[in-house]
Every structure is written in C-alpha cells, then in structure tokens.
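Structure assessment
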Amino acid sequence: MQHLPTIDRPHEECGVFGIYAPDEDVSRLTYFGLYALQHRGQESAGIAAGDGRGLVVKRDMGLVSQVFSEEVLRGLRGHLAIGHTRYSTTGSSQVCNAQPFLLETYNGPFALGHNGNLVNSRILRDRLREDGVTFTSTTDSEVIAWLIALSAGPNWGARIARTLPKLMGAYSLVMATADEVFAARDPMGVRPLCLGRLGSGWVVASETCALDTIGATFEREIAPGEIVRIGASGLSSYQFEPARPALCSFEHIYFARPDSVLDGRLVYDVRVALGRILAREQPAEADVVIPVPDSAVPAAVGYAAESGIPYGEGLIKNRYIGRTFIAPDQRLRDVGIGLKFNPLPGQLAGRRVVVIEDSIVRGSTSKPIVSLLRKAGAREVHLRISSPPYRHPCCLGMDTGRRDELIAAQLTVDEIRSYIGADSLGYLSEEGLLEAMGRTRSTTCLACLDGKYPLPVQMEMDKLALE
Ligand code: SF4
C-alpha cells in the first residue's frame, strides 16, 4: 500500500464519541456515532465498552466499517462506551497509536480518546518515563492517560481535574471507567465537543452530526475548561479552569461537517457566509461559479448568490478514494489529481470560471485542478479561496506540514497565482472570516493565518519551521 498524494488541505486529527445509556446497545450506537465522525480521521478506529465490572476495547487500523463487524460489536457489551477515530499527526500510523487507550490501573480500568495536540507532551512524557512508565505508543494521548491514571485523588473525577491543568494545548477528551463516562475540553476550546441526550442516557461527541445520526438531541456544547461526569447518579459538571476561548477557525472553514452546529451556528451557514463575503472582497468577471467538491460547495453557493454569477458543477469527485491506496503504476501516478476529480467539459468549455476552494496549504491540488479545468475548455480560471493565506504550521492538532512547505509562507499572492496557473487569485480577509463566523479575534485561533498562537508555543513553532 502507498499513500496517494492527498488533497491539499490540513488534515484533522481525530473524532471522539462517548455514551452512557443503560437501556441502549451502546457499542452499536458508538459505531454509528464514529461513522458520522469518519471525516475527522480515517486511519484507525476504536471502541471501549464498560459493563460496571470492566472495560473491553477493540481498536485497529482502517475505517470504522473495516474495524468493526457484527461479531466484534457483540463482544463489546455494557451500558457505556467511548469511541475514537484517528488521523495521525503526533505518533506514526500504527495500530499501537490507535485509540481509545486502555490502562489497567490500581484503581481499575481507564480508557481515553483524545482529539487535539499538546504542546508540552515531550516534557510530560520525559517526567513519566523518569517515574518508570513504559509507553506502548508514541502519541501524547497516552501521556494524558498515564498522567490521569497516576494522579492522586479519591476518585477518577478528582484525578482528571487534578491532571488537566498540567496539559498545554488542545484536547477534547472522552474517558471511561468500568461504570462512568467523562468528557473534557481544554480551556481554549480549540476542538469542538458537544453534549446530547438519548432517552434517559447521555451522549458526548466531537460534532452534533454524530448526535443526529443516532437520534440523540443536542443539549449544549461542553464549555472550554469543563469536565462532565456521567454515571448512575446522572450528570455532573465541573469547571476546572476559566475559559479563555480560542476556537480553531478551520473547524468552520473546512474540518467540521456542514450539518454540524458549532458555536451556536450551522457550519453550512457559516460557509455560505464565507462565500458571500469572499464575493464582495474578491469579485470576478465570470460566467459560472464552481466549487472544488465537496467541502467548498457551501462557499461556492454563497459566492454565486452574492455575485449573481450562476452556480454550476464543473468537477465531479470520486468519493471513494481513501488516503491509502493500492500503489498506482507510473502511468496512473501521472494522472495524479485526475484519480480524484473529473471535469465536466459541458459546464466549462469556452466559459470564464470562478472556482472556489476552501484553503491552499501546499498548492499541490490547486495547480492540477486549474490545469484540469483548462484542459476541459475553460477560457479563464479565477481561483477564490474562502479563507486567508495559510502561512504558519498548526501545533494544535492539524497536520499542515512544516512552514517551508506552506506555499503562502514562501510566495506572494501573485507568485502563487502564477505558480498555480490561474488567471486571478483572491483570498478571504481575516476580518471577513471573523465576520462570517460571528466571532472576535480575541476568542478565535487564527494562528496558522496570523502567526499569533493562543498559548506560548513560539519555541515549538520555531523548531517546527526548521525541522
Ligand atoms: S493554528 Fe489554524 S488549524 Fe491550528 S488550531 Fe489554530 S486556526 Fe486551527
């Protein structure tokens, strides 16, 4: 197996899910919840289920549908479960890094699934090693699990509350013991985490689309700096640190599913607003507006509505191409992006086309797409990006590569246009992005755009830039 060149976007690290529902088939519901969160990670998946006496875990490489069969789900019995789907950013792509992690501790079993990235994990890992911990994975998620497991406290809630203030970075966590489920979100709330109800039970998930999928109702978001504990006596909540919000702006731009509600707003609506503002800021003389499917569709709808230029579809995406792929031979490798997108010449021939994309990271997708559109007969290609230039690496859970791989860190907008081969190129402004999200600069992470990280990571970033 080899990696096919991936679509040129930052990659999400993980999706998490948790359920406490004694009257339900919790493993099956977790399976469907993870299915709804598959877009957040496609390399591995896992479920840990508890029945009051112990925890059983199944985790493996592959998509949710590949990891779990009827037989596997039947072996995951209980009244509570947590689940995880992963794209590797820290730690390599191996089964030992799949989650949830299950630790057998002096206080009983403890399982944890993590979405995000710590910036102080190396220091924490070294300290734990000095204390005699032998790690089975290379991820910072295992570091968190061990810190909690070894923390002093009369119960798991106290151990979790004592540990989380030691962590620096982004973490949306689901955790399980034999008889309780916990969820926690870092004080910046970088990654999403929501709470829902299912009958008399409770559900937590990275995104509300997972609640919809299993028929749960959305209650509220887990607040930045909050721990939620769900057990036989119901739900309790504890604010372990004051919130200092810095929601990842790329959740709205690209990562989250458009049918999820995030920060009180339907992601689809925010993306349409991004497109509308982009049309005002970066107008173009053209005959048709097309998206790079699927994620840029809402922004293209907004751009078309605002500009009055008709919306059309000029590229069809093969939705069944995953990240890993049976090695294409040289001829197919040369086809490159054509394996993922096929143009519709009837929509493009002789026309001036505005093509809407949600981001350019390395420029490796935009250039062949422009070339595909031209080959299909487009007379002019005007590329419009529904986010500002991506100039700095992310340290909070996105795989964006090193700074020297980010095209906007190396070239001016006009140099990028020339490299990509478009007739014109225009990005959304940071102000336009904030307006569409309905957020302020002080409550939003824009670090990959403006270089201002919401926590002290400058040394880490400088190192990343040099590596
Ligand atoms: S740096 Fe960018 S991708 Fe990373 S959390 Fe901040 S806004 Fe999101």
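Computed from a predicted model, the values in this text were never measured in an experiment.

Comments concerning the overall build of the protein
Helix and strand counts for the protein come out as 18 helices and 27 strands. Radius of gyration (C-alpha) of the protein: 22 Å, near the 23 Å computed for a compact globule of 467 residues. Along the first, second and third principal axes, the C-alpha atoms of the protein reach 70 × 45 × 45 Å. The 467 residues of the protein split such that 57% are buried. Of the roughly 18200 Å² of accessible surface on the protein, a fraction of 51% belongs to carbon and sulfur atoms.

Examining the site of the ligand
In the vicinity of the ligand, the residues found are V190, R191, C248, S249, Y390, C394, L396, M398, C445, A447 and C448. Of the residues assigned to the shell around the ligand, the class counts are nine nonpolar, one polar and one charged.

Some thoughts on the nonpolar core
If you look at the biggest cluster of nonpolar residues, it comprises 45 residues, and the most contacted ones within it are F250, V289, Y303, V354, I356, L396 and L433. Taken together, the elements giving at least two residues each to this core come down to helix 8 (249–255), helix 9 (267–281), helix 10 (297–307), strand 23 (352–357), helix 16 (430–437) and helix 17 (447–450). The element that contributes the greatest number of residues to this core is helix 9, accounting for six residues. In contact with I356, other than residues within four places in its own chain, are L278, V289, I290, P291, V292, A296, A299, A300, Y303 and R384. With 27 residues, the next largest nonpolar core counts I19, L73, A210 and A216 among its residues.

Observations regarding the environment of G234
Within the secondary structure layout, G234 lies in strand 15 (residues 234–239). Placed 34 residues apart in sequence, G234 and S200 show a C-alpha to C-alpha distance of 9.1 Å.

Section: the pattern of salt bridges
Evaluated as defined, the whole model comprises 25 salt bridges. R191 serves as the salt-bridge partner of E251, at 2.9 Å between the closest nitrogen and oxygen. Taken as a pair, E251 in helix 8 and R191 in the loop between strand 10 (181–185) and strand 11 (194–198) lie far apart in primary sequence, 60 residues in all. As far as burial versus exposure is concerned, E251 and R191 are alike and both buried. The network of salt bridges with common partners includes D25, R28, E70 and R74.

Observations regarding the packing of helix 9 against helix 10
Viewed as axis vectors pointing N to C, helix 9 and helix 10 meet at an angle of 45 degrees, and their least axial separation amounts to 6 Å. If you check the angle between helix 9 and helix 10, you find them oblique. In the crossing of helix 9 with helix 10, the sense of the turn from one axis to the other is right-handed. Between helix 9 and helix 10, the contacting residues are Y268, R271, V272, G275, R276, L278, A279 and R280 on the first element and P298, A299, V301, G302, Y303, A305, E306 and S307 on the second. Class assignment for the residues of the contact of helix 9 with helix 10 results in nine nonpolar, three polar and four charged.

Some points on the packing of helix 9 against helix 16
How two helices pack is summed up by the angle between their axes together with the distance between the axes. Where helix 9 meets helix 16, the closest approach of the two axes is 8 Å, and the angle between their N-to-C directions is 145 degrees. For the pair helix 9 and helix 16, the sense of crossing is right-handed. Two secondary-structure elements touch here, helix 9 through V270, A273, L274, I277, R280 and E281 and helix 16 through G432, L433, E435, A436 and M437. Here the residues of the contact of helix 9 with helix 16 sort into seven nonpolar, one polar and three charged.

Focus: unusual backbone geometry
In the segment running from Q99 into P100, the intervening peptide bond is cis, with an omega of 5 degrees. Looking along the chain, the bond that leaves P293 and enters D294 is cis, with omega of -5 degrees. Unusually for a residue other than glycine, D263 sits at a positive phi of about 60 degrees. If you trace the backbone, D263 turns up in the loop between strand 17 (261–262) and strand 18 (265–266).

Remarks on the confidence of the model for the protein
When pLDDT is averaged across the protein, the result is 90; 90% of the residues are at 70 or more. Across residues 1–5, where pLDDT falls below 50, the model places 18 contacts with residues more than four positions away in sequence or in other chains. Between residues 458–467, whose pLDDT stays under 50, and residues either more than four places distant or in other chains, the model counts 12 contacts.

Structural notes on the packing of aromatic side chains
Under the defined criterion, the tally for this structure stands at seven aromatic pairs. Here Y31 and Y35 contribute two aromatic rings whose centre-to-centre distance is 5.7 Å and whose plane-to-plane angle is 70 degrees, an arrangement assigned as edge-to-face. In this pair, Y31 and Y35 are both assigned in helix 1 (residues 26–36), four residues apart and thus about one turn of the helix distant. Look at Y31 and you get buried, because its relative accessible area is 13%. Plain terms: the ring middles of F110 and W156 are 4.5 Å apart, the flat faces sit at 5 degrees to each other, and that makes the pair stacked.

Parameters at a glance
Residues numbered from 1 in each chain as written. Predicted model: local features only at pLDDT ≥ 70, side-chain atom pairs only at ≥ 80, totals over all residues. Heavy atoms only, no water. Helix = DSSP H or I, 4+ residues; strand = E, 2+ residues; numbered from the N terminus. Rg over C-alpha atoms; globule rule 2.2 N^0.38 Å. Buried < 20%, exposed > 50% of the residue type's maximum accessible area, 1.4 Å probe, protein only. Areas by Shrake-Rupley, 256 points an atom, 1.4 Å probe, with all protein chains shown as cover. Near = heavy atom within 4 Å. Nonpolar A, V, L, I, M, F, W, Y, C, P; charged D, E, K, R; others polar. Core = buried A, V, L, I, M, F, W, Y, C linked by side-chain atoms within 4.5 Å. Contact = heavy atoms within 4.5 Å. Salt bridge = Lys/Arg side-chain N within 4 Å of Asp/Glu carboxyl O. Axes fitted to C-alpha atoms, helices over the stretch in contact; angles between N-to-C directions. Parallel < 35°, antiparallel > 145°, perpendicular 65-115°, else oblique. Left-handed = near helix turned anticlockwise from the far one by under 90°. pLDDT = per-residue confidence, 0-100. Phe/Tyr/Trp six-rings, centres within 6.5 Å; stacked < 30°, edge-to-face > 60°.

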